[in-house]
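So the chains spell out like this:
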Amino acid sequence: MQTDNCDLRHLAIRIVRSPVTSGWFAASLLATMVGPFGTYVSMSVTERAVYWGGLIGASILLARLTKAWVARRLTGSRFAVDMASSAIMGLSLGPAVWAYNRYVYQIPADDLPGIGWHMSVVLVVCMVVVLIRLYLQGDEEEDGEAAPRALPEQEAGTAKPEEEVPFLRRLPRELGNELMHIKADGHYLEVVTRDGKDRILMRFSDALAELDGYDGVRIHRSHWVARHAVSRVEQRGRRVFAVLPCGRRLPVSQAYQQDLPGDVTRF
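Small disclaimer: the values here were computed from a predicted structure and weren't measured.

(A) The arrangement of the pattern of salt bridges in detail. What the rule picks out here adds up to ten salt bridges. For Glu178, the salt bridge identified is with Arg194, shortest N-O distance 3.0 Å. Residue Glu178 is found in the loop between α7 (152-155) and β1 (179-185), and its partner Arg194 is found in the loop between β2 (188-193) and β3 (196-201); the two are separated by 16 residues along the sequence. Under the relative-accessibility criterion, Glu178 is labelled buried at 10%. Put simply, Glu234 and Arg249 hold a salt bridge, and the shortest N to O gap is 2.9 Å. Placement of Glu234 in strand β6 (residues 232-236) and of Arg249 in strand β8 (residues 249-252) is noted, with a sequence separation of 15 residues between them. The class of Glu234 is buried, set by a relative accessible area of 1%. By relative accessible area, which is 28% here, Arg249 ends up partly exposed. Counted as one network, the salt bridges with shared partners bring together Arg232, Glu234, Arg236 and Arg249.

What follows is the structure in structure tokens.
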């Protein structure tokens, strides 16, 4: 139960703080109020909220899945991945929106722009989103010569900044850079920080190499933990666990027990 509570708390924090959630809400609210593409006249407020909220939400989900799929197959810059994803979105989502308007909302064919027009609109919107994000990232790089948010360990000189720990650059911005725990799950990593949780496509061995310099230890064949995240170490019978502040217990292999901080509490 403690593990479930910990996971749910991290998930709730991430959802609330996620720019994706706030972006979906803001875009859905704006579209509901403005009613673009004739929906202001043809639909009520409730219908517009359902229509645009669902359409924008589905578009965001499809965009994230498409980008993840492209990133696995395209070796190149983030911009190249974004452009390829935008093209796929235009080809797939455009016809889907046309069919949704035509057959679900029963919009007459004579009043409905063609499939090509829908594909073009989706492509342009995706590219505008990419360009806006690149512009904002550029501003952050110009203004952000200040060091990244410091960790408690950095103040004590025991951890290196983000530039010296390559793994931190892989984390979404909303997760911050205060690592708590990393768990290997097949070809993915479950990464838990103070601000939330995410899954990253990466080998555990490669992550350990990129974590060199961060004040943490490997405690199991599938677990890594930051030293500051270990509230206590427990031994129950022959099994040893590292306990996180939220109460989650992580298994500790015998070979790594000497690397953990603090004394062992036996039960």
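And the narrative resumes.
(B) Quick look at the packing of aromatic side chains. With the rule as written, the count across this model stands at three aromatic pairs. Centre to centre, the rings of Tyr51 and Trp52 are 5.0 Å apart; their planes meet at 90°, and the pair counts as edge-to-face. Taking relative accessible area as the criterion, Trp52 reaches 9% and is therefore assigned buried.

(C) Inspection of the environment of Arg203 at higher detail. Following the sequence through the fold, Arg203 ends up in the loop between β3 and α8 (204-210). Separated by 14 residues in sequence, Arg203 and Leu189 have C-alpha atoms that sit 7.3 Å apart. Here the side chain of Arg203 touches Asp206 through a polar contact of 2.9 Å, side chain to side chain.

(D) Representation of the nonpolar core in the model. Ranked by size, the top nonpolar core spans 31 residues in total, and within it Phe167, Leu179, Leu189, Val225 and Leu260 carry the most contacts. Those elements that place two or more of their residues in this core are β1, β2, α8, β4 (216-220), β5 (223-226), β7 (239-243) and β8. If sequence neighbours within four positions are ignored, Leu189 has contacts with Phe167, Ile182, Lys183, Ala184, Asp198, Arg199, Ile200, Met202, Arg203, Phe204 and Ala207.

(E) Expanded view of the pairing of β3. With six bridges joining them, β2 and β3 adopt antiparallel strand pairing. When the sheet's bridge partners are listed, Tyr188 is paired in β3 with Leu201. Turn length for the β2-β3 hairpin, with the two strands adjacent in sequence and antiparallel, is two residues.

(F) Quick peek at the sheet that holds β1. On the basis of which strands lie adjacent, the open sheet formed by five strands has the order β3-β2-β1-β5-β4 and antiparallel pairing. Where the open sheet ends on each side, the last strands, each with one partner, are β3 and β4. Direction aside, neighbouring strands of the sheet carry axes that sit 20° apart on average. Judged from the three bridges that link them, β1 and β5 form a sheet pairing that is antiparallel. Of the residues in β5, the one forming a bridge with Lys183 is His223.

Definitions and cut-offs
For every chain, the first residue of the written sequence is number 1, and numbering continues from 1 along that sequence. Given that the model is predicted, a residue must reach a pLDDT of at least 70 before its local features are reported, and side-chain atom pairs must reach 80 or more before they are shown or counted; all residues, however, enter totals for whole chains, interfaces and linings. Computation of side-chain values: all heavy atoms of the structure, hydrogens and water removed. The term salt bridge refers to a pairing of a side-chain nitrogen on Lys or Arg with a carboxyl oxygen on Asp or Glu at a separation within 4 Å. The helix and strand labels rest on DSSP assignments: H or I over at least four residues marks a helix, E over at least two residues marks a strand, and numbering proceeds from the N terminus. Between buried and exposed lies partly exposed: a residue is buried under 20% and exposed over 50% of the maximum accessible area for its type, with that area taken using a 1.4 Å probe on protein chains only. Planes of paired rings set the category: under 30 degrees apart is stacked, over 60 is edge-to-face and the rest tilted, where pairs are Phe, Tyr or Trp rings (Trp by its six-membered ring) whose centres lie within 6.5 Å. Under the rule applied, a polar contact is a pair of N or O atoms within 3.5 Å (in protein, one hydrogen donor and one hydrogen acceptor; residues adjacent in sequence only if both atoms are side-chain atoms). Nine residue types can take part in a nonpolar core, namely buried Ala, Val, Leu, Ile, Met, Phe, Trp, Tyr and Cys, and a core is a set of them joined through side-chain atoms within 4.5 Å. In this analysis, two residues are considered to be in contact whenever any of their non-hydrogen atoms come within 4.5 Å of each other. By definition, two strands form a pair when at least two bridges between them are found by DSSP. All axes are obtained by fitting lines to C-alpha atoms, using only the stretch in contact for helices, and the reported angles, taken between N-to-C directions, cover 0 to 180 degrees.

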